[in-house]
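A look at the structure
Listed below are the residues making up each chain.
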Number of protein chains: 2
Amino acid sequence: MYRSHTCGELNMTNKGEQVQLSGWVQKIRNKGFMIWVDLRDRYGITQLMFDEERSSKDLMEKAEKLGREFVIQVKGQVIERESKNPNMATGDIEVMVSELDILNTSLTPPFTIEEETDGGEDLRMKYRYLDIRRNPVKNKLVFRHKVGMQVRNYLSGAGFIEVETPYLIKSTPEGARDFVVPSRMNEGQFYALPQSPQTFKQLLMVGGMDKYFQIVKCFRDEDLRADRQPEFTQIDCEMAFVEQEDILNTFEGLTRHLLKEVNGVEIEDFPRMTYAEAMERYGNDKPDIRFGMEFANLNEVAKNKGFNVFDQQELVVGIAVPGAASYTRKEIDRLIAWVKRPQIGANGLVWAKYNDDGSFKSSVDKFYSEEDLKAWAEETGANPGDLILVMAGETTKTRTQLSALRMFLGNELGLRKPDEFAPLWVLDFPLLEWDEETKRYHAMHHPFTSPKKEDIPLLETSPGEVRANAYDLVLNGNEIGGGSIRIHDKKTQSKMFHYLGFSEEEAKEQFGFLMDAFQYGAPPHGGIAFGFDRLVAILGGQETIRDFIAFPKNNAGRDVMIDAPARIDEEQLKELHLQVKL
Amino acid sequence: MYRSHTCGELNMTNKGEQVQLSGWVQKIRNKGFMIWVDLRDRYGITQLMFDEERSSKDLMEKAEKLGREFVIQVKGQVIERESKNPNMATGDIEVMVSELDILNTSLTPPFTIEEETDGGEDLRMKYRYLDIRRNPVKNKLVFRHKVGMQVRNYLSGAGFIEVETPYLIKSTPEGARDFVVPSRMNEGQFYALPQSPQTFKQLLMVGGMDKYFQIVKCFRDEDLRADRQPEFTQIDCEMAFVEQEDILNTFEGLTRHLLKEVNGVEIEDFPRMTYAEAMERYGNDKPDIRFGMEFANLNEVAKNKGFNVFDQQELVVGIAVPGAASYTRKEIDRLIAWVKRPQIGANGLVWAKYNDDGSFKSSVDKFYSEEDLKAWAEETGANPGDLILVMAGETTKTRTQLSALRMFLGNELGLRKPDEFAPLWVLDFPLLEWDEETKRYHAMHHPFTSPKKEDIPLLETSPGEVRANAYDLVLNGNEIGGGSIRIHDKKTQSKMFHYLGFSEEEAKEQFGFLMDAFQYGAPPHGGIAFGFDRLVAILGGQETIRDFIAFPKNNAGRDVMIDAPARIDEEQLKELHLQVKL
């Protein structure tokens, strides 16, 4: 037995007990006649004590040889500390060591194993096993486990069955790129790793397994952006004999449960908004509704007042930044420079201060009277003390730019509080979106999403206007889940493939099994999938996912710790009937 | 809303209620003036009724058009049945239908959707989504979910953290063959899919995450034997600061929990046996101890009695088959033929009947007296009425053959009861096993397994005799889990790689990250992994795993439903810098 207790649990109730602990040496203070060692394990830190008077010479000598991150095992007695540390769970006691075993030594770690480390990202990733010893990383992994357990217990309690779907499936070049796996036994053929278990969960619905879920790894071979991983985890869910309303209610329930159990937060409102409304009010299909600064369409009050720049644009749109009328010229210039950066790409930013005394001062005073600006204030909801910021241009582009500015200001003004949670359903997404590159429509969600019945006639005339039975769950300005009511008959599914530019052969080759299945009594069904990495990060009050993943890959898709991917033997390639062609 | 109730819940307490049900048409009985339809969903079957007198003509006509596996939605009133069916949960009631909606039609399914189907294995796999509608398959998937939840809740409650390890890792040609995944972004390089998360879980131990588990998919590109899948699921576990005893106790706890919660069985004994003992007593490292027929070494009593065939052999070994003295000559000949088949490969089988009257009759009466055979009976524990079966030859080979015969007879005599559970720890496995093909030692468990301290000197002199800190958990004659205490220092690990024939470069290239990690304070650790597919099957009272997997592959590694693997586009190959060479 290596330990009778963990390093996180001893306190005054254990005073006098003989205990046995194991862990890592976190810190050593050697005063010569006395040596204190902080011993750390997953559960906490306990102070060990060696003392010239009470410890043998051998023991003192052994203790002197300890170094950071040595792994040791000690026996000793729990004693009351002379100077207690109220910030530590074990801060009232220490262990007077009687026996010390060095279980393993350690080289000096390449960065400090502390809350705040001196290790850069690359070093931390290379030595991820040391990084995981640090509380901030370790706690995030434990947190992830807890969220996973809550998800499973909630869904299982609601009658959902976790079914494992296969990882070695078939490549379907629609959507993102697949990772493929050459088959040795089937020469020249490849499996693909799933981008999601979409078709399998639909087949489970056809199979009568009417409430399915799975926490499952998915794979996309995309050029990595920051904070995106080639392998990621989804909470994948599907239900049969449901309408959209049933799904919204079920997963509103899951979200409330998680916020309550994981964050101790009871959510009152769970609002819903159409995609169109979200775009109009926030310029964004995943608005952070924890703060205001809602968009105001200023076409009526800002156009045709002699300001050419606005007159010729499709949309003039503004927001009121609370309390920002006091911004200096320099501060405003910084915002203008920010939106002009290529990442945002705006031409400029018009501003109007609604001063505390009720007067206005703007960058367009030449063109707009006090009265005009008062109208802007009314539309944007600005109060005295606020700063009105206005952009103009093509509708979608301008909304996107102003939305970016709104989020930037939300962060800067501290309006995006990590411990405040505001979920939101965004509904009625467009079915299709136009792709400029390929000059055709793509499925906005995926090709299995059903169009709204009343919009079906529009498929022939204006496909871009057809709304889908598709919905996203947004939390604090992040899309954490998305889903739809699926097509469940062969005829509609064939038609959809046709609209998406599949030939009949392609559709059959890639999704024939699904359309076959639809002929044998497919029930109406729909579902949702949550990005688990992101969900966990947001519940954890963070927006980057990397530390919520035990062994993440870098932006080149590499695992720098194990150094993968790597070359493989010629022998292996030969068995796979493959040759590398650089 | 598609349903107010499921098809499994209505009974007399609902009498008179207006309800709404959805599901599949299981059966139709049309008597002209009355039509009964069995409506099925995941939860059960409810009888629907249409009747000339009370149903409209329209409704009767619609009902007449229904076919098997049509998906329908009905509204109606719960009424008491005239002739009740006590074998059905809903057998006291039926629903008098007032509204009928056909949600989807169905082609005639290629096999019957019943408990016992007329569909062969291939057809069932091709239409797996229909097969899953059948109770025997559906129930096994639901059962699997329940076992998974119990595993997670037990381990989580015991302080284990489920950590997701990566799927895109590095190929290590030791052990089985890896499936590999070409990297598009890293030209000419490949990821490998994990054969198990072994090294990652060890790194988690180095990282201080001292109780880890994961229910996780693993991949092995091996030539498939019956009942083996290229992708399979493991319950993977690891603990730090533990000795073998801690691990045995922890997972004995898990096993007891599962048997109790899943099967309602409280296990009294949880015996342990060394590998050597298991081989001696059962000729098998995963003995089914639910029945006797233990091996008896007959060297002392059967050799040097003038029977040449035995005299020259290393081992003469026998078992007593209870009650089989009454076997006819024909029945015994069948057993002899069975062991002579190439799959078993025995030269023959000597038999001796211990008749009810205490006399003996054997196939070797020429060489052995009644007294001699009495000695055989004593050694094998045979009683009057039993049949003694004896084999001879090289020790290992003969044990394996007799063990196969023992299991065959165990099945035949009904001694392997599916609802009786007998777990067993098999301990002290050999560290290494000699491979005739490559003429070198291989790790019996894996290269990270630690040798028993007292056996380390033998590594230089007789490596085959070194015992490992390795253990298997056996249930009803199946290995359901196996693990070991790991090496946790670089020096021993290097030495082990050396014994296994790795060059220093190879060891560094493939496992350098692990040996690096061992230098930074690796704690003592060990673990175990359970084959989840097999565990679930055995708890479910079955020995074949296929129906406990939603979408299994066939023996050629193909998914015949989606037709994978398959060829991929030239374009895709090019992006991956690959060419197929057949």
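The model shown is predicted, which means the values in this text are computed figures rather than measured ones.

1. Concerning the nonpolar core
Of all hydrophobic cores here, the largest spans 61 residues; its most connected members are Tyr129(A), Phe551(A), Leu203(B), Leu204(B) and Met209(B). Those elements that provide at least two residues to this core are helix H3 (128-131) and helix H4 (135-157) of chain A together with helix H5 (198-206), helix H7 (275-282), strand S17 (423-427), strand S20 (470-475), helix H14 (490-499) and helix H15 (504-518) of chain B. Here this core takes seven residues from H15(B), the largest share from any one element. Sequence-distant contacts of Tyr129(A), that is, excluding residues within four places in its chain, are made with Met561(A), Leu203(B), Val206(B), Gly207(B), Phe513(B), Asp516(B), Ala517(B) and Tyr520(B).

2. A look at the interface of chain A and chain B
Contacts between chain A and chain B engage 124 residues on the former and 124 residues on the latter. Per-residue buried area on chain A facing chain B is highest for Glu164(A), Phe241(A) and Tyr520(A); these three make up 8% of the total on that side. On inspection of chain A and its partner chain B, the count reaches 14 salt bridges. One salt bridge connects Arg184(A) with Asp223(B), and the closest N-O pair in it is separated by 3.1 Å. For the pair chain A and chain B, the number of links is 72 residue pairs in polar contact (both at pLDDT 80 or more). Considering each element in turn, the side of chain A that touches chain B owes the most residues, nine residues, to H4(A). Broken down by class, the residue content of the side of chain A that touches chain B amounts to 67 nonpolar, 26 polar and 31 charged. Relative to strand S23 (residues 578-580) of chain B, strand S23 (residues 578-580) of chain A runs antiparallel, the two sharing three bridges. Counted as the bridge partner of Gln579(A) is Gln579(B) from S23(B).

3. Some points on the relation of the copies chain A and chain B
Its rotation angle being 180°, the transformation that places chain A on chain B also includes 0.0 Å of axial translation and leaves an RMSD of 0.1 Å. Within this description, the copies of the chain are treated as partners about a two-fold rotation axis. Mapped onto chain B, 100% of the interface residues of chain A again fall at the interface, so both copies present the same surface.

4. Re the UniProt feature "binding site: ATP" (unreviewed entry) in chain A
In the numbering used here, UniProt assigns the feature "binding site: ATP" (unreviewed entry) to Arg220(A), Asp221(A), Glu222(A), Gln229(A), Glu479(A), Gly531(A), Phe532(A), Asp533(A) and Arg534(A). Position of Arg220(A) among the secondary structure elements: in the loop between strand S9 (211-219) and strand S10 (231-240). With a relative accessible area of 30%, Arg220(A) lands in the partly exposed category. In contact with Arg220(A), not counting residues within four places along its chain, are Ala176(A), Arg177(A), Phe179(A), Gln195(A), Pro230(A), Phe232(A) and Gln234(A). Within the local environment of Arg220(A), its side chain forms a polar contact with the backbone oxygen of Gln195(A), the two atoms lying 3.5 Å apart. In contact with Asp221(A), not counting residues within four places along its chain, are Arg177(A), Asp178(A), Phe179(A), Arg184(B) and Leu576(B).

5. Re the packing of H4(A) against helix H16 (residues 532-539) of chain A
Two measures define how a pair of helices packs: the angle their axes make with one another and the distance between the axes. Residues and elements named next belong to chain A. Following both chains from N to C, one finds H4 and H16 inclined at 110°, their axes separated by 10 Å at the closest point. Considering the angle they form, H4 stands roughly perpendicular to H16. Crossing hand, H4 versus H16: right-handed. Touching Phe143, Arg144, Val147 and Gly148 of H4 are Phe532, Asp533, Val536 and Leu539, all from H16. Split by residue class, the contact of H4 with H16 holds five nonpolar, one polar and two charged.

6. Concerning the environment of Asn554(A)
All names here are of chain A. With respect to the helices, strands and loops of the structure, asparagine 554 is situated in the loop between H16 and helix H17 (570-575). Relative accessible area serves as the criterion here: at 24%, asparagine 554 is assigned to the partly exposed category. Expressed as a C-alpha distance, the spacing of asparagine 554 and methionine 125, which sit 429 residues apart in the sequence, is 8.3 Å.

7. Re the sheet that holds S17(B)
Whether parallel or antiparallel, the strands of a sheet pair through hydrogen bonds between backbone atoms. All names here are of chain B. The eight strands lie next to each other as S6-S9-S10-S22-S21-S20-S17-S11, forming an open sheet whose pairing is mixed. In the strand order of this sheet, the two ends are held by strand S6 (161-162) and strand S11 (272-274), each with one partner. In the sheet, strand S10 (residues 231-240) pairs with strand S22 (residues 525-531) via seven bridges, with the strands oriented antiparallel. Note that in S22 the partner of methionine 239 across the bridge is glycine 526. Seen against the sheet, helix H6 (residues 244-263) touches S10, S11, S17, S20, strand S21 (478-485) and S22 and runs at an angle of roughly 160° to S17.

8. Re the packing of H14(B) against H15(B)
All names here are of chain B. Running from N to C, H14 and H15 cross one another at 160°; their axes reach a closest spacing of 10 Å. Between H14 and H15, the interaxial angle falls into the category roughly antiparallel. You can see that H14 and H15 cross each other, and the crossing is right-handed. Contact with H14, carried on its side by Lys490, Gln493, Ser494 and Phe497, involves Ala507, Phe511, Met515 and Phe518 of H15 and no other residues of that element. Grouping the constituent residues of the contact of H14 with H15 by class yields five nonpolar, two polar and one charged.

9. A word on the domain arrangement of chain A
According to the domain assignment, chain A consists of domain 1 (12-104), domain 2 (138-272 + 424-548) and domain 3 (291-415). A straight line from the C-alpha centre of domain 2 of chain A to that of domain 3 of chain A covers 37 Å.

10. Details of the pairing of strand S21 (residues 478-485) of chain A
All names here are of chain A. The element S21 is largely enclosed, with a buried count of seven among its eight residues. Relative to S21, strand S20 (residues 470-475) is paired through six bridges, and the arrangement is antiparallel. Bridge pairing in S21 places tyrosine 471 opposite glycine 483. Between S20 and the antiparallel strand that follows it, S21, lie two residues; asparagine 476 among them carries a positive phi value of about 55°.

So, how was this worked out
- Residues numbered from 1 in each chain as written.
- Chains lettered and ligands numbered in written order.
- Predicted model: local features only at pLDDT ≥ 70, side-chain atom pairs only at ≥ 80, totals over all residues.
- Heavy atoms only, no water.
- Core = buried A, V, L, I, M, F, W, Y, C linked by side-chain atoms within 4.5 Å.
- Buried < 20%, exposed > 50% of the residue type's maximum accessible area, 1.4 Å probe, protein only.
- Helix = DSSP H or I, 4+ residues; strand = E, 2+ residues; numbered from the N terminus.
- Contact = heavy atoms within 4.5 Å.
- Buried area = accessible area lost by both parts, 1.4 Å probe.
- Salt bridge = Lys/Arg side-chain N within 4 Å of Asp/Glu carboxyl O.
- Polar contact = N/O pair within 3.5 Å; in protein donor to acceptor, adjacent residues only side chain to side chain.
- Nonpolar A, V, L, I, M, F, W, Y, C, P; charged D, E, K, R; others polar.
- Pairing = 2+ DSSP bridges.
- Least-squares fit on C-alpha atoms with pLDDT ≥ 70 in both.
- UniProt positions renumbered as here; feature names shortened; annotations may be inferred.
- Axes fitted to C-alpha atoms, helices over the stretch in contact; angles between N-to-C directions.
- Parallel < 35°, antiparallel > 145°, perpendicular 65-115°, else oblique.
- Left-handed = near helix turned anticlockwise from the far one by under 90°.
- Domains from an automatic or database assignment.

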